[in-house]
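Fold and geometry: a report
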Amino acid sequence: MPLLEVTDLRTSFHTRSGILRAVDGVSFSLEKGETLGIVGESGSGKTVTCYSLLGLVPTPPGRIESGTAMFDGTDLLHCPPARLRDIRGRRIAMIFQDPMTSLNPYLRISEQLIEPLFIHEDISKADALARGLAMLEAVGIQDAARRLHSYPHEFSGGMRQRVMIAMALVTRPEILIADEPTTALDVTVQAQILELLKKLQRDLGMAVIFVTHDLAVISGLCDRVLVMYAGRIVETAATRTLFQAPRHPYTRALQRSIPSLQPKGRELHTIPGMPPDLSQPVAGCAFAPRCEQAAGHCRTTDPRLAAVNNGPATACLRVQNSEI
Amino acid sequence: MSFPILQLKDVATHFPIESGWLRKRRTGTVRAVDGVTLDVERGEVLGLVGESGSGKSTLARTIMQLVPATAGTVVLEGRNLTAASAAEIKAARRGLQMVFQDPFASLNPRLTVYAALAEPLLVHGVVPRDRVPARVAALMEQVGLAPRLMRKYPHEFSGGQRQRIAIARALAVEPRVIIADEPVSALDVSIQAQILNLLAGLVRKMNLTMIFIAHDLAVVKHISDRIAVMYQGKIVELGPALDIMERPSHPYTRALISAIPRVDFSA
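Observations concerning the interface of chain A and chain B
On the side of chain B, 28 residues touch chain A, which itself brings 29 residues to the contact. Every element with two or more residues in the side of chain A that touches chain B is listed here: α8 (187–204), α9 (215–221) and α10 (239–244) of chain A. Residue contributions to the side of chain A that touches chain B peak at four residues, all from α9(A).

As structure tokens, then:
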């Protein structure tokens, strides 16, 4: 029985210039202790998917049009607000891309770190501070007893991200959603934060959903991957399979454009064009205009995500028909 | 024998740390750039790599004279910028332009693309007034943007497109040297490749010299002829790009290389 089961999630934004279908029929499950990667470019719907699960989509203009997200018998998308508040921050936690705007600049780290404990548990301030301090040490903050009382601006970007991870994990959640946590960090700091996340996941036995635009980061961290494009999942596979035998032209194009995998001296592979305007209805496959291998029927028939030969799933018509 | 287009000699940029309320006392110094000597050859792309805090952005701003050097000299095409007057620096800016990291913050949100690109043309008198619209259109095409978008505002564009606008703005005055300060760091990996190809193409076509600053060696490797590695305000390693990537000598360079996410399933 999966820890989290999302079925046919559809989230739109109703704006003056039209209805933006940000998440257009996304289904996936998450097992206990698993690391699931969601990879896609900006605008693919990966962040809105996660926000939808935790009631973080501003409504209006956002609206969850349909779908269910079952967690321990509760549908996160249709439960009373009090129930969602009980789960959010205690059993499912989230960390965000920019630690400076996610930390309150006016409050000391100590206050922010123990806030989730006060909200979700019956605990004394002394015990809460002790737990907070232990968490700060666990995320690798040196001289934690003293830094506990610092303000966010006194930390570097990488350290602020560690503090945010400590805040998210202080209640020992079962699921951690990490939304591009290393995108704003230097590559050396990124490597450290990824190692930290791996270690904490092992120690706490939690499941992780890791959202990123960087395929290379996924390869070192995730068990399974969902590739999203224009609000839909276009491919899902175990990480190794995704890299060794990608089954969607978009995944192949993403892989080819990773700079570190390309030799110097030739032009870098790119994906020409841009993701589609989500307020316009799409005829056929949303990726077809940019796809090197698009055929006529790609532009008229709506592709559905389906497993190929009982293996991983792809939403490419041509792959499903064994044309490519 | 040609001499380098840009020469930095013992450049240092220090910032005082002051404390106290009414009577400020100097309690220390941040040595952001701490003695950099470097020659940049005409037509080369020099990659400047280092983490946040290494001093690379401060060095870029010091070269641009956006921040005064505490010591040392910056000589551009034989002219000493560190000892120049404001008028001389303005004239020098026709030869030396900068592209910044954050495509959201570096474009004035109240100016249309047209206005943003026309501004440098008018300030420096690059073309006569009646030629400005045509030149703006040409600049946009050069960076891969459709000229019909010129009446739009920055917020109507994606990050990658905004960066193209920033590059067009830098090219407007026909500079010889461009300093690009982490121009792709804020972009998706797939868009980074597009912008890198664009910059590499422009350097070749227009015989530009470029200093490309980044924290990610994987990105710098592609576009650079030589790479300089910066750590705590000093250059710790300098050499041809492939040599640095394949045979790094300084431990810090090795650390930067090992931090690049690997796609490796051999284990």
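Some details on the packing of helix α4 (residues 109–120) of chain A against helix α7 (residues 157–169) of chain A
Residue and element names in this part refer to chain A. Contact geometry for α4 and α7: axes closest at 7 Å, N-to-C directions at 30°. For the element pair α4 / α7, the angle class is roughly parallel. Two secondary-structure elements touch here, α4 through Ile109, Gln112, Leu113 and Pro116 and α7 through Val163, Ala166 and Met167. Across the contact of α4 with α7, the residue classes tally to six nonpolar, one polar and no charged.

Focus on the packing of α4(A) against helix α5 (residues 125–138) of chain A
All names here are of chain A. At their nearest, the axes of α4 and α5 sit 9 Å apart, and the two run at 115° to each other. For the pair α4 and α5, the sense of crossing is right-handed. Taken together, the residues of α5 that come into contact with α4 (itself represented by Ser110, Leu113, Ile114, Leu117 and Phe118) are Ala128, Leu129, Arg131, Gly132, Met135 and Leu136. Here the contact of α4 with α5 is composed, by residue class, of eight nonpolar, two polar and one charged.

What to know about the domain arrangement of chain A
Accessible area lost upon the coming together of the parts is a frequently used measure of interface size. All names here are of chain A. Split by domain assignment, chain A resolves into domain 1 (4–91 + 171–262 + 269–320) and domain 2 (101–170). Taking the mean C-alpha position of each, domain 1 and domain 2 sit 29 Å from one another. In this complex, domain 1 contributes 15 residues to the contact, which on the side of domain 2 involves 15 residues. Counting residues per element, the side of domain 1 that touches domain 2 draws most heavily on α8, at six residues. Tallied by class, residues from the side of domain 1 that touches domain 2 come to ten nonpolar, three polar and two charged.

As for the pairing of strand β10 (residues 234–240) of chain B
Where strand β9 (residues 226–231) of chain B and β10(B) come together, six bridges link them in antiparallel fashion. By the bridge assignment, Met230(B) is partnered in β10(B) with Ile235(B).

Concerning the sheet that holds strand β7 (residues 177–181) of chain B
The strands making up a sheet associate through hydrogen bonds between their backbones, and the pairing can be parallel or antiparallel. All names here are of chain B. Pairing within the open sheet is mixed, and its six strands lie in the order β6-β7-β8-β3-β9-β10. Sheet topology places β6 (96–99) and β10 at the edges, where each strand pairs with a single neighbour. Each adjacent strand pair in this sheet contributes to an overall mean axis angle of 15°, direction not counted. Pairing geometry for strand β3 (residues 45–49) and strand β8 (residues 209–214), over five bridges, is parallel. Bridge pairing in β8 places Gly47 opposite Phe212. This element, helix α5 (residues 159–171), spans β6 and β7 of the sheet and lies at about 175° to β6.

As for the domain arrangement of chain B
All names here are of chain B. The assigned domain composition of chain B is domain 1 (1–19 + 29–95 + 179–260) and domain 2 (106–172). Placing the centre of domain 1 and that of domain 2 at their C-alpha centroids yields a distance of 25 Å. The partner domain 2 presents eight residues to the eight residues of domain 1 that form the contact. For the side of domain 1 that touches domain 2, the class distribution of residues is six nonpolar, one polar and one charged.

Brief notes about α8(A)
For α8(A), with 18 residues, the first-to-last C-alpha span of 26 Å sits near the 26 Å given by 1.5 Å per residue. Residues Val187(A), Thr188(A), Val189(A), Gln190(A), Ala191(A), Ile193(A), Leu194(A), Leu197(A) and Leu200(A) constitute the buried set of α8(A). At its buried positions, α8(A) is contacted by α5, α7, β7 (175–179), β8 (207–212) and α9 of chain A together with α9 (251–258) of chain B. Immediately downstream of α8(A), the backbone of Gly205(A) shows phi near 65°, a positive value.

Observations regarding unusual backbone geometry
Most peptide bonds take the trans form, and the phi angle of most residues other than glycine is negative. Residues and elements named next belong to chain A. Cis geometry marks the peptide bond from Thr59 to Pro60; its omega dihedral reads 10°. Topologically, Pro60 is positioned in the loop between α1 (46–53) and β4 (62–71). Cis geometry is found at the peptide bond from Pro60 to Pro61, where omega equals 0°. Here Pro61 shows up in the loop between α1 and β4. Backbone geometry at Arg172 places phi at a positive 55°, although glycine is not the residue there. Following the sequence through the fold, Arg172 ends up in the loop between α7 and β7. On the neighbour-count criterion, Arg172 (13 C-beta atoms within 10 Å) is partly exposed.

Focus on the environment of Thr74(A)
Residue and element names in this part refer to chain A. Its place among the elements puts Thr74 in strand β5 (residues 74–75). In this structure the C-alpha to C-alpha distance between Thr74 and Ile87, which are 13 residues apart in sequence, comes to 9.7 Å. When near neighbours in sequence (up to four residues on either side) are disregarded, Thr74 contacts Cys79, Arg83 and Ile87.

Section: the nonpolar core
Counting 173 residues, the largest nonpolar core has Ala166(A), Ile209(A) and Phe212(B) as its most contacted members. Per element, the largest residue contribution to this core is eight residues, and it comes from α7(A). Discounting residues that sit within four places of it in the chain, Phe212(B) has contacts with Val45(B), Gly47(B), Leu48(B), Ala180(B), Val220(B), Ile223(B) and Ser224(B).

Let's talk about the sheet that holds strand β1 (residues 6–19) of chain B
All names here are of chain B. Across the sheet, which stays open at both edges, the four strands sit in the order β2-β1-β4-β5 with antiparallel pairing between neighbours. The open sheet has two edge strands with one neighbour each: β2 (25–40) and β5 (79–80). One ladder, built from five bridges, connects β1 with strand β4 (residues 71–76); its direction is antiparallel. Bridged to Lys9 within β4 is Thr73.

As for the environment of Ala237(A)
Residues and elements named next belong to chain A. Positionally, Ala237 belongs in strand β10 (residues 232–238). C-alpha of Ala237 to C-alpha of Thr314: the two residues are 77 residues apart in sequence and 8.6 Å apart in space. Setting aside anything within four residues of it in sequence, one finds Ala237 in contact with Val225, Leu242 and Pro312.

Quick notes on helix α3 (residues 113–123) of chain B
Turning to α3(B), its buried residues are Val113(B), Ala116(B), Leu117(B), Ala118(B), Pro120(B) and Leu121(B). Looking one or two residues past α3(B), Gly125(B) carries a phi angle of roughly 60°, positive in sign.

What counts and how
The residue numbering used here restarts from 1 in each chain and proceeds along that chain's sequence as written. In the order they appear in the text, chains get letters beginning with A and ligands get numbers beginning with 1. A pLDDT threshold of at least 70 governs which residues receive local features in this predicted model, and a stricter bar of 80 or more applies before side-chain atom pairs are shown or counted, although totals over entire chains, interfaces and linings include all residues. Once C-beta atoms are placed from the backbone, any two residues with those atoms within 7 Å are in contact. Per the convention used, a helix needs a DSSP run of H or I reaching at least four residues, while a strand needs a run of E reaching at least two, with both numbered from the N terminus. Lines are fitted to the C-alpha atoms to define the axes, a helix being fitted only along its stretch in contact, and any angle between axes, read from their N-to-C directions, falls within 0 to 180 degrees. Working definition: roughly parallel below 35 degrees, roughly antiparallel above 145 degrees, roughly perpendicular at 65 to 115 degrees, and oblique for all remaining angles. Residues are grouped as follows: Ala, Val, Leu, Ile, Met, Phe, Trp, Tyr, Cys and Pro are nonpolar; Asp, Glu, Lys and Arg are charged; every other residue, Gly included, is polar. Left-handed describes a crossing whose near helix is turned anticlockwise from the far helix by less than a right angle; the clockwise case is right-handed. How far each domain reaches was decided by an automatic or database domain assignment. Strand pairing follows a simple DSSP-based rule, namely that at least 2 bridges must link the two strands. What a helix is expected to span follows from its residue count: subtract one and scale by 1.5 Å. Exposure is read from a count of other C-beta atoms within 10 Å of each residue's own; the residue is exposed at 12 or fewer, buried at 20 or more and partly exposed in between. C-beta atoms are placed from the backbone. The nonpolar core criterion groups buried Ala, Val, Leu, Ile, Met, Phe, Trp, Tyr and Cys residues into a set whenever they are joined through C-beta atoms within 7 Å.

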